[in-house]
Amino acid sequence: MARYLFDSADVHAGGRFTALESCYDPFSRRQLELTGLARGWRCLEIGGGSASVGDWLGECVGPQGEVTVTELEPRWAASPQRPAHVRLLRHDIVRDPLPGKDYDLIHARLVLLHLPQRIEVLKRLVAALRPGGWLVLEEFDCGWTPVLAAPDEASASLFDRVHSALMGLLEKAGADPLWGRRVLGAMAAAGLQQLAATTYAQAWPGGSAGIALHHHNTDQVADRLATSGVSTGDLEEFQTLLKRPDFVVNSYPLISARGRRTYENDKEVPR
Ligand SMILES: C[S@@+](CC[C@H](N)C(=O)[O-])C[C@H]1O[C@@H](n2cnc3c(N)ncnc32)[C@H](O)[C@@H]1O
């Protein structure tokens, strides 16, 4: 069975979560607020990583609400200070039954992209919403990461070559690197309404918080990249390039897609 490529038990997972949090959390929060997120809501955060978004949801819903953060490998989200209404659960979204139903909001960022069973999972998430509840899926389109500035042509080619090899490994592991451009259509096919999507991207200069994502992703799977033609020397050069301020690459575009479960007999019944 295909497995998540970037095993979150690895030491690189912490760096990955820090990079994702610093680059994408402000955008994700704005998108989540567009659902009308309010005190008292019941929320489910799938594959929450460091739980930075789950903990923020906990602040938004307050003690009258409830947030369940699920994670295959919850060690990075362990926090002694978490309030009682925010629960962290070791959970496999593919194999385990969902921890509840009738959610006001279900959110997953960069999780379904990795799952070969993403459509089945999407259908189960839709079924776990209350009528009128929101599903927000945020996914990368890894097919648009142009090099925006480079010290020379060879450096730009090296980036593209190593990045393509990484995408090949993701596909072999059952991921869909282009899932971001398909997610809204899949949500429509799953019956959601009031669909909307916004895409966020920024320039990542060498040495910046965001570009560290490329460092952690490639270093973690260095042995497998070697079998795809990326030598140790290539990878060392690539890692050096990621530290040069004159090297700039576009971030992964994050597509934030949201949709709402219909009310019974399609009537707008406010909560
Ligand atoms: C790219 S990380 C994103 C983490 C977090 N959502 C974020 O955006 O910061 C993907 C996360 O999904 C988790 N994951 C992968 N497969 C999963 C599964 N079957 N069930 C639950 N979580 C899973 C991984 O452990 C990892 O934390």
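All values reported here derive from a predicted model rather than from experimental measurement.

(A) Summary view of the site of the ligand. Surrounding the ligand, one finds 17 residues, the nearest of these being Ser 8, Gly 47, Glu 71, Asp 92 and Arg 109. Protein burial of the ligand: of its 590 Å² of free accessible surface, 96% is covered by the chains. Along the lines of polarity and charge, the residues of the shell around the ligand split into nine nonpolar, five polar and three charged.

(B) Focus on the environment of Glu 66. Mapped onto the fold, Glu 66 is located in strand S2 (residues 66–71). Each C-alpha atom, one on Glu 66 and one on Gly 40, is 7.1 Å from the other, the two residues being 26 residues apart in sequence.

(C) Fine view of the pairing of strand S1 (residues 42–46). The buried count for S1 comes to four of five residues, which makes it a mostly enclosed element. As paired elements, S1 and S2 share four bridges and run parallel to each other. From the neighbouring strand, Arg 42 faces S2, where its bridge partner is Glu 66. Across four bridges, the pairing between S1 and strand S4 (residues 103–109) is parallel. By the bridge assignment, Glu 45 is partnered in S4 with His 107.

(D) Just helix H1 (residues 12–33), in detail. The end-to-end C-alpha distance of H1 is 30 Å, a good match for the 32 Å that 22 residues give at a rise of 1.5 Å each. Remark: the principal bend of H1, roughly 55°, maps to Tyr 24, with a proline, Pro 26, within the next four residues.

(E) Representation of the sheet that holds strand S8 (residues 203–205) in the model. Ordered by their spatial adjacency, three strands build an open sheet running S6-S9-S8, and the pairing between neighbours is antiparallel. Taken across any chain shown, the strands that pair with only one partner, and hence form the sheet edges, are strand S6 (147–149) and S8. Going from strand to strand, the sheet's axes swing by 30° on average, the running direction of each strand aside. In this structure, S6 lies alongside strand S9 (residues 248–250), joined through two bridges in antiparallel fashion. For Val 147, the partnering residue across the bridge sits in S9 and is Val 249.

Conventions used here
Residues numbered from 1 in each chain as written. Predicted model: local features only at pLDDT ≥ 70, side-chain atom pairs only at ≥ 80, totals over all residues. Heavy atoms only, no water. Near = heavy atom within 4 Å. Areas by Shrake-Rupley, 256 points an atom, 1.4 Å probe, with all protein chains shown as cover. Nonpolar A, V, L, I, M, F, W, Y, C, P; charged D, E, K, R; others polar. Helix = DSSP H or I, 4+ residues; strand = E, 2+ residues; numbered from the N terminus. Buried < 20%, exposed > 50% of the residue type's maximum accessible area, 1.4 Å probe, protein only. Pairing = 2+ DSSP bridges. Expected span 1.5 Å × (residues − 1). Bend = angle between axes of the 7 residues up to and from the residue. Axes fitted to C-alpha atoms, helices over the stretch in contact; angles between N-to-C directions.

Don't take any of this as a statement about function, it's just geometry.
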